[in-house]
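One-letter residues, chain by chain:
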Amino acid sequence: MRSSHLTRVGVGANGTRSGMFHFAGGGPAWATCGKCAAFCRAGGIGGAAGRPFEGEPSITVHGVCNKVKEYTNRWGKPFPSNSLACKYFIKREN
Ligand code: SF4
């Protein structure tokens, strides 16, 4: 049975995804992780893990957070670029 009162599997109640550095929704209202300078390629097809995207991804893609890598010295779980940004959002310059 499906209920809108249940939290979706893998997504926190506020949209926080496993692999994010902090809770979703703490950044500017318009910001997503795809617009953040810390959001990097997850590896696999298209490049090695941690390689920065050249500009904001034009479609929703999975990436990893460089802040997690800096803090834990390990890449976190990949999560989608359309996730709401956390309070450590860094505006992408390219
Ligand atoms: S907003 Fe930036 S620092 Fe925060 S989780 Fe997303 S990619 Fe990481």
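Since this is a predicted model, take the numbers as computed values, not measurements.

Draft legend 1. View of the site of the ligand. Around the ligand, a shell composed of 14 residues is seen, among which Cys33, Cys36, Cys65, Ala85 and Cys86 lie nearest. Here the shell around the ligand is built from residues that sort into 11 nonpolar, 2 polar and 1 charged.

Draft legend 2. Structural detail: the pairing of strand 2 (residues 62–65). Both strand 1 (residues 39–41) and strand 2 contribute to a ladder of 3 bridges, which runs antiparallel. Paired with Arg41 across the strands is Gly63, a residue of strand 2. Taken together, the 2 bridges between strand 2 and strand 3 (residues 79–80) define a ladder with antiparallel strand orientation. In the strand pairing of strand 3, His62 is matched with Pro80.

Draft legend 3. Looking closely at the environment of Cys65. Relative to the elements of secondary structure, Cys65 occurs in strand 2. Excluding anything up to four places from it in sequence, Cys65 contacts Gly19, Met20, Phe21, Ala38, Phe39 and Gly76.

Draft legend 4. Summary view of unusual backbone geometry. Unusually for a residue other than glycine, Asn73 sits at a positive phi of about 65 degrees. Here Asn73 lies in the loop between helix 1 (66–72) and strand 3. Classification of Asn73 by C-beta neighbours within 10 Å gives exposed; the count is 7.

Reading guide: rules and limits
Residues numbered from 1 in each chain as written. Predicted model: local features only at pLDDT ≥ 70, side-chain atom pairs only at ≥ 80, totals over all residues. Near = placed C-beta within 6 Å. Nonpolar A, V, L, I, M, F, W, Y, C, P; charged D, E, K, R; others polar. Pairing = 2+ DSSP bridges. Helix = DSSP H or I, 4+ residues; strand = E, 2+ residues; numbered from the N terminus. Contact = placed C-beta atoms within 7 Å. Buried ≥ 20, exposed ≤ 12 C-beta atoms within 10 Å, placed from the backbone.

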